[in-house]
Amino acid sequence: MEKGERHTDLAGVERHALEAALEDRGHERFRARQIFQWIYRRGVTDVAAMTDLSRELRASLAETFTVETPTILHRDTSVDGTEKFLLRLSDGRTIESVFIPDTPAMTFCISTQVGCAMACAFCLTGKMGLIRNLSAGEIVGQVRVLAGALSMLDKKFNIVLMGMGEPLHNYDETMKALRILNDEYGFDMSPRRMTLSTVGILPALERLANEPIMPNVAISLHAPTDIQRGELVPLNRKYGVADVIEACRRFPLKRRSRITFEYVLLAGVNDRPEDARGLARLVAGIKSKVNLIPLNPAPGIPFDRPSDEAINRFAEILAERGVLVSVRKSRGRDIRAACGQLIVEGQRKSAAQQLAIMM
Ligand code: SAH
């Protein structure tokens, strides 16, 4: 935030930076707390309406800042209560965010990028390619918009960074967003209520291990061998199964927390008993749990969801070997809000542009 620079997005500014900016302009630092409370607790984004600030301060804020807020273009409700929001960003790009009630907590599934560069074989978002990163303001903005629309600004909720995008591929803005969400004058969210899901970008995972605000971590594993995983998760060619597992073994976990391994079950591909046994061997000795995600099919995704029988057998083999295992209930499938079903049409990149981004 440079002095003289006009119209910084106030919704992406951390409180300490706002305090410094206010002080620079001759205002009291504590005004930042009031501004945070207006934006995050009361959902007020028009500085003119922040009535406990002086007229002079309001005028000065209006000169320097705007508060960018994604707008709701469309809202779909599933028979199971899940709601999918199509949100428009200030440059006209669109993203999706999902509200999942009673899981048992209230959960917001938030995007970190427009599209995604990871191109996992079974994920619809991966078909879009990466269009651009979201700013911290846009990441937190989804939480503001959903909490506002659902009258939950004063309620407790969880967030999972499992919407569109790979959070560790947009590291700095994602971490800044988590710090803003954690701010005691804003949403005051405990990191325990935040889960970051990643395909396993190992240098970024190592950085995460040293963060003061450490969310729960979920690793998208999906297969027990490099041959299988390489087919599903292109990034595996760079960071293979053994390295991912080793990084998880080293990851500093808080008391009472575990790493989650996500495993999308694909019929005939990675759902055989030998795959389950391989997975159990891999995760043995890591404080972890395995979350099985039966594939949510979608047009253009060349895989099938296994039968309930195959899913149960897979889970049983893990459980027999002492692995904590759960099967993710897919919520909102009727409105394409379930894992891997988020895509916004008309924003695709060509394969060549795509490759350039990943390299
Ligand atoms: N980029 C992050 C977040 C992705 S979404 C990551 O890879 O972890 C969260 C989970 O949904 C991931 O484990 C992802 O692999 C999974 N997923 C993607 N497509 C899916 C689909 N069609 N069916 C079920 N799960 C899917």
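*Asks:* Tell me about helix 4 (residues 136-149), and name the residues and values.
*Replies:* Given a rise of 1.5 Å per residue, 14 residues ought to cover 20 Å, and the 20 Å separating the end C-alpha atoms of helix 4 matches this to within 8%. Among the 14 residues that make up helix 4, 12 are buried, leaving the element largely enclosed by the rest of the structure. Among all positions of helix 4, only Ala 136, Gly 137, Glu 138, Ile 139, Val 140, Gly 141, Gln 142, Val 143, Arg 144, Val 145, Leu 146 and Ala 147 are buried. Trailing helix 4 by a residue or two, Ser 151 shows a phi angle of about 55°, which is positive.

*Asks:* Go over the packing of aromatic side chains with me, naming the residues and quoting the values.
*Replies:* Counted under the stated rule, the structure contains six aromatic pairs. Following the ring pairs from residue to residue traces out a cluster consisting of Phe 36, Tyr 40, Phe 99, Phe 108, Phe 157 and Phe 187.

*Asks:* I'd love a proper account of the packing of helix 9 (residues 273-283) against helix 10 (residues 308-320), names of residues and values included.
*Replies:* Orientation of helix 9 relative to helix 10, taken along the N-to-C sense of each, is 35°, at an axis distance of 9 Å. Relative to helix 10, the crossing made by helix 9 is right-handed. Mapping the contact onto sequence places Pro 273, Asp 275, Ala 276, Arg 277, Leu 279 and Ala 280 in helix 9 and Arg 313, Phe 314, Ile 317 and Leu 318 in helix 10. Its residues assigned to classes, the contact of helix 9 with helix 10 shows seven nonpolar, no polar and three charged.

*Asks:* Describe the site of the ligand, and please don't skip the residues or the numbers.
*Replies:* The ligand sits among 17 residues. The nearest are Phe 122, Ser 197, Ser 220, His 222 and Asn 296. One of the backbone N or O atoms of Phe 122 is found 2.9 Å from a nitrogen atom in the ligand. A distance of 2.6 Å separates an oxygen atom of the ligand from a polar side-chain atom of Ser 220. Taking 540 Å² as the accessible area of the ligand by itself, protein coverage stands at 96%. Within the residue set of the shell around the ligand, elements represented by two or more residues are strand 10 (194-198) and strand 12 (259-265). Of the residues in the shell around the ligand, the class split is eight nonpolar, seven polar and two charged.

*Asks:* So what about a positive patch on the surface? Which residues, and what values?
*Replies:* There is a patch of like positive charges on the surface, built from Arg 192, Lys 254, Arg 255 and Arg 256. In this structure, Arg 256 sits in the loop between helix 8 (241-250) and strand 12.

*Asks:* I'd love a proper account of the sheet that holds strand 12, names of residues and values included.
*Replies:* The sheet built from 10 strands is open, its strands ordered 3-4-5-6-9-10-11-12-13-14 with mixed pairing. The sheet is open, and its two edges are formed by strand 3 (71-77) and strand 14 (325-327), each paired on a single side. Strand-to-strand twist across the sheet, computed as the mean angle between neighbouring axes with direction ignored, equals 20°. When strand 6 (residues 107-109) meets strand 9 (residues 158-161), the two strands line up parallel, connected through three bridges. Bridged to Thr 107 within strand 9 is Asn 158. Sheet strands touched by helix 10: strand 12, strand 13 (288-294) and strand 14. Its angle to strand 13, the strand with the most contacts, is close to 170°.

Each value, and the rule that gives it
Residues numbered from 1 in each chain as written. Predicted model: local features only at pLDDT ≥ 70, side-chain atom pairs only at ≥ 80, totals over all residues. Heavy atoms only, no water. Helix = DSSP H or I, 4+ residues; strand = E, 2+ residues; numbered from the N terminus. Expected span 1.5 Å × (residues − 1). Buried < 20%, exposed > 50% of the residue type's maximum accessible area, 1.4 Å probe, protein only. Phe/Tyr/Trp six-rings, centres within 6.5 Å; stacked < 30°, edge-to-face > 60°. Axes fitted to C-alpha atoms, helices over the stretch in contact; angles between N-to-C directions. Left-handed = near helix turned anticlockwise from the far one by under 90°. Contact = heavy atoms within 4.5 Å. Nonpolar A, V, L, I, M, F, W, Y, C, P; charged D, E, K, R; others polar. Near = heavy atom within 4 Å. Polar contact = N/O pair within 3.5 Å; in protein donor to acceptor, adjacent residues only side chain to side chain. Areas by Shrake-Rupley, 256 points an atom, 1.4 Å probe, with all protein chains shown as cover. Patch = residues over 30% accessible without salt bridge, like charges linked within 9 Å, V, L, I, M, F, W, Y side chains within 5 Å. Salt bridge = Lys/Arg side-chain N within 4 Å of Asp/Glu carboxyl O. Lys, Arg positive; Asp, Glu negative; His and termini not counted. Charge placed at Lys NZ, Arg CZ, Asp CG, Glu CD. Pairing = 2+ DSSP bridges.

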